[in-house]
Amino acid sequence: MSVDFLHPGEGAPIDTNVSALEMRGIGKRFPGVVALDNVDFTLEPGKIHALMGENGAGKSTLIKIMAGVYGKDAGTVRMRGREVDIKSPRDSLKEGIKVVFQEIALISEFTVAENIFLEGYPTGRTGSIDWKKIRAESAALFNRIGFNVDPAARTGSLPVSQQQMVEIARALAHEARVVVMDEPTSSLTPNEISLLFTVIRRLASLGIAVVYVSHKLDEVFEIADTVTVLRDGRHISTKPIGEHTNDTLIQDMIGRRIDNLFPRQRGAAGSKVALSVEKLSTAKKLIDVSFEARAGEVLGFFGLMGAGRTELAKAIVGYDPIISGTITVDGQRLAPHDTRTGVKLGIGLLTEDRKSEGLMGELPVYQNASLASLGAFARLGFVDKAKEHQAVQDYVDRFRIKTPSLFQQIKNLSGGNQQKVLISRWLMRGLKVIVVDEPTRGIDVGAKSEIFALIDRLAGEGLAVVMMTSEMPELLGLADRIAVMCEGRLTAVMSREEATQEKILNAAIG
Amino acid sequence: MSLASTASAKDQPSMLARLFARQELALLVCLVLVLAFFSATVENFFSVRNMTNVLGQASLALTAGIGCAIVFISGEVDISIGSLLATIALPLIIIMNDTNSLLLGVSGALLFGLIIGVVNGYLVAYAGINSLIVTLGTMFIMRGGVYLYTGQRAIPDDASLDSFIALSDGRLFNIIPYSAVIAIVLLAAFGYMMQHRPFGRQIYAVGGNQEVARLAGYDVRRVKFICFIISALLATVAGIILAARVGSAQHTAGLNFEFQVVAATVLGGVSLAGGIGSLTGMALGVLILQFLSNGLRGLGLPTEWQLVITGMIIIAAVAFDEAKRRRANGG
């Protein structure tokens, strides 16, 4: 009684009168927090149901309960009217619930085809794996969904966006009744997103219930039939998408209206050049990039995936080696591939990949904040703890960082608050230039506006802010000047006044 | 729509580079070079007698190496195998001396090995203790136990069963030592399991990424548990062959054996990080080190030098591997 994307029409048709999945009164606590409180969530076969909410609203917890990653503390789960007890991912898969998690869940050493059949290898009569079938079926599956990748490729050798597509394809290789996609577009190109949407609609037309988790309002309006909003672990609303506008949806998510996502407080930018980059090229990506950033301005860099934004960010702070060109910070040359001098001269990077390049998750908030400026708190080579704590506490107060204490492990903070701690790390150091790479990735709407306000304030305090972003509203809302990249080259620089979405996109396409 | 095909086409490595990317092939070339070098420099090196002798000597490490590699691939380590070799000789020899039955002796040894495997596996997989610590612990416990029990005196094999003695000097068709035959059969069987049975692939998946394996519905703990049992049982088989060879249970049997096996396994390209490597690679690693040692002895080089050279080779091999991997990942 289920549908297999690869073999539609096999098995009995799905009964559309019974809910595919019905969760009632779901409760889940973690030490110190109620993650979910009496949440109802019902999925109808053949419908696309968006699940929205800020980070910490309980979306991931709800999905993880569905997937059997977490057990629930209260409530019932029914599949097509029958109560089920999902205790492990295995139980969940058996019920036909396929979850595509945000983090890539593939074995990178395996071939693409083997990853597709990871949940259950087709075997022959002797119980040995039928590799021929694996290759043929994955090729057939890719063919059906119009996804062009070599099933024999080693998964780890593919770019992230293709790995994400492989993961989505995997959810379709086995019988499924419910397919859950957690922020599936976070690293996809526009083309791949439209391909994904076609696949999702096809799934729905086969009678599969689809859960679509996203922060991106435009995507939700494009694809969803129904929207459920969670906030602070509670169910807020479930409505057909037609009854929502951008404003009502945001209001449900944050519980208040955000009138202006980009409050500009700062004055006009100064004329002093804080960072000057000339004819910069790197082995991997960048070709002849030249620009200047002035004290007190936000210089926004826009580019599609693979345009070289992250590479540029890493090169100008002295993290990556360069082939040719010069970087000058506050009048002084920065030797390439030397973050030590970079920090000394006053240039710092707020990385795109907080988890692996920014945070020391197990360490407390205060150590994460003071990392770059321990020298300032040192007396005779020992860190003066009182002084260090006081300095960090100042930033916690100034930036309204929500943490139970300075000693909380930073991994327990929300994404927005983690980001604020990382910004504090650089400010404590007395920066002149801060490079921020995708500052709001994985951060929810409410916290986003706080990060925007913070960036505004940084520029207001006279820092030059170089911001790499792939989000158009962020770019247009924050930047004084806009630079556009395409395939490692700088293709346009324009002031905010002369910039339009069209102009920017044209320059980004090249 | 063709969205995703472009990336792989242009940085497709050359045919030769791809061949060398296969770990096993590079190892095979190394083995051939070692054989060629010593055939040219050492008299009687490339003779049927010497070749099959070395194969017989290698059979202990080959057999136990299967278990070692499987545990590595699952993302754990097992260094208790050397002590296990000495320990299981006790029930083996004692039962045979009492009953004159090889079958009962071997059963006793296997049962003992099974218990050790269960203990190691339980402590690592279910109690969640680091495998290096667990097997370091059981390694000391077993070695100490053997010293205590034997009073540091060998317990001779008084039963002297023909079938048991054949394990040490018997040869199939009068050419290949039985111990080598056992190793080859086990290698083939477990090699097939690792590549073509779902359980083998589960071991690779668990070692490759434990969380991903769990999300794919695997019972990660059970997989690891079973790997430790396999490792202990294979070490038991190696221990039985060793006991037959020395004709007794000895407290010093298998001393440092675990490190020889680990060295060969790592040389064979099996990663300590888990998920990478093959039994073929491990076997080639064992053979390279064994022939090297045999050849160097043929050249009259003292054992001390063999140790030094082995150490250098292992570091060089892993460094080479690391460099290759880094280039493949473009970083």
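Preceding block: the structure.
Quick caveat: nothing in here was measured; it's all calculated off a predicted structure.

Undergrad: Can you help me understand the pattern of salt bridges in this one?
TA: All names here are of chain A. Scanning the model with the defined rule gives 18 salt bridges over all chains in all. In this structure, the salt-bridge partner of Asp-40 is Arg-24, at a minimum N-O distance of 3.1 Å. In this pair, Asp-40 sits in strand β2 (residues 33–43) while Arg-24 sits in strand β1 (residues 21–30), placing the two residues 16 residues apart along the sequence. On the accessibility criterion, Asp-40 (31% relative accessible area) is partly exposed. A salt bridge links Arg-201 to Glu-222; its shortest N-O distance comes to 4.0 Å. Separated by 21 residues along the polypeptide, Arg-201 in helix α6 (residues 190–205) and Glu-222 in helix α7 (residues 217–223) bring together distant segments of the chain. Judged by relative accessible area, which is 38%, Arg-201 ranks as partly exposed.

Undergrad: Any chance you could explain empty space enclosed by the protein here in plain terms?
TA: If a probe as big as a water molecule is rolled over the atoms, it shows which places are left empty. All told, the structure shown has 4 cavities of 30 Å³ or more when counted by the stated rule. Reported here for the largest cavity is a volume of approximately 160 Å³. In this structure, the largest cavity is lined by 16 residues; those nearest its centre are Leu-93, Val-99, Phe-101 and Glu-119 of chain A together with Leu-215 of chain B. At the level of elements, α2 (89–94), β6 (97–100) and α5 (160–173) of chain A are the ones that each hand at least two residues to the lining of the largest cavity. Among the elements that line the lining of the largest cavity, the one with the most residues is β6 of chain A, at 4 residues. Grouping the constituent residues of the lining of the largest cavity by class yields 11 nonpolar, 1 polar and 4 charged.

Undergrad: Any chance you could explain the layout of surface pockets here in plain terms?
TA: Residue and element names in this part refer to chain B. Computed from the structure, the second largest pocket encloses a volume of approximately 640 Å³. Lining of the second largest pocket is provided by 22 residues; of these, Gln-260, Leu-289, Gln-290, Ser-293 and Leu-307 occupy positions nearest its centre. Elements supplying a minimum of two residues to the lining of the second largest pocket: α4 (48–73), α12 (220–246), α13 (257–267), α14 (279–298) and α15 (303–328). Looking at the lining of the second largest pocket, its residues break down into 11 nonpolar, 9 polar and 2 charged.

Undergrad: Even after reading the chapter, I still don't get the sheet that holds strand β15 (residues 332–333) of chain A, so can you show me in this structure?
TA: Hydrogen bonds along the backbone pair up the strands of a sheet, which may run parallel or antiparallel. Residue and element names in this part refer to chain A. With antiparallel pairing, 4 strands are arranged side by side in an open sheet as β12-β11-β14-β15. Looking at strand neighbours, the two that pair on one side only are β12 (289–294) and β15, the edges of this open sheet. By the bridge criterion, 5 bridges tie strand β11 (residues 273–281) to strand β14 (residues 324–329) in an arrangement that is antiparallel. Its bridge partner lying in β14, Val-277 is registered against Ile-327. Where helix α9 (residues 309–316) meets the sheet, it contacts β11, β12 and β14, and its direction lies at approximately 115° from that of β11.

Undergrad: Help me understand helix α6 (residues 102–126) of chain B, please; the structure alone is not making it clear to me.
TA: In an α-helix, one full turn covers 3.6 residues, which means residues spaced three or four apart are oriented alike. All names here are of chain B. The end-to-end C-alpha separation of α6 is 35 Å, in line with the 36 Å expected for 25 residues at 1.5 Å each. When α6 is considered as a whole, its buried residues turn out to be Gly-105, Gly-108, Ala-109, Gly-113, Ile-116, Gly-117, Asn-120, Gly-121, Val-124 and Ala-125. On its buried side, α6 packs onto α5 (81–99), α7 (131–150) and α12. Between the side-chain oxygen at the start of α6 and the backbone nitrogen of Leu-103 there is a gap of 3.4 Å, and the oxygen is on Ser-101. Where α6 ends, the next residue or the one after it, Gly-128, has phi of about 75°, a positive value.

Parameters at a glance
- Counting starts from 1 at the beginning of each chain's written sequence and moves along it residue by residue.
- Chains and ligands are labelled sequentially in the order written, the chains with letters from A and the ligands with numbers from 1.
- Where totals are concerned, whole chains, interfaces and linings use all residues; where local detail is concerned, this predicted model gives features only for residues with pLDDT of at least 70, and gives and counts side-chain atom pairs only at 80 or more.
- To get the side-chain values, all heavy atoms of the structure are used, and hydrogens and water are removed first.
- Here, a salt bridge means any Lys or Arg side-chain nitrogen found within 4 Å of an Asp or Glu carboxyl oxygen.
- Helix and strand definitions here come from DSSP, where helices need a minimum of 4 consecutive H or I residues and strands a minimum of 2 consecutive E residues; each element is numbered from the N-terminal end.
- When accessible area is computed with a 1.4 Å probe and restricted to protein chains, residues below 20% of their type maximum are described as buried, those above 50% as exposed, and intermediate ones as partly exposed.
- Definitions used for this entry: grid spacing 1 Å over protein atoms alone; cavity, a set of points where a 1.4 Å probe fits but cannot get out; pocket, an open set with protein on both sides within 12 Å along at least 5 of 7 lines; lining residue, one with an atom within 4 Å of a point.
- Grid points are joined across faces, edges and corners, and a volume is the space filled by probe spheres set on the points.
- The classification used treats Ala, Val, Leu, Ile, Met, Phe, Trp, Tyr, Cys and Pro as nonpolar, Asp, Glu, Lys and Arg as charged, and all other residues, Gly among them, as polar.
- In this description, strands pair whenever DSSP reports at least two bridges between them.
- Contact criterion: two residues are considered in contact whenever any of their non-hydrogen atoms come within 4.5 Å of each other.
- Whenever a helix is involved, its axis is fitted only over the stretch in contact; in every case the axis is a line through C-alpha atoms, and angles between N-to-C directions fall within 0 to 180 degrees.
- Take the number of residues in a helix, subtract one, and multiply by 1.5 Å to get its expected span.
- Polar contacts here mean pairs of N or O atoms no more than 3.5 Å apart (in protein, one a potential hydrogen donor and the other a potential acceptor; neighbouring residues in sequence count only if both atoms are side-chain atoms).

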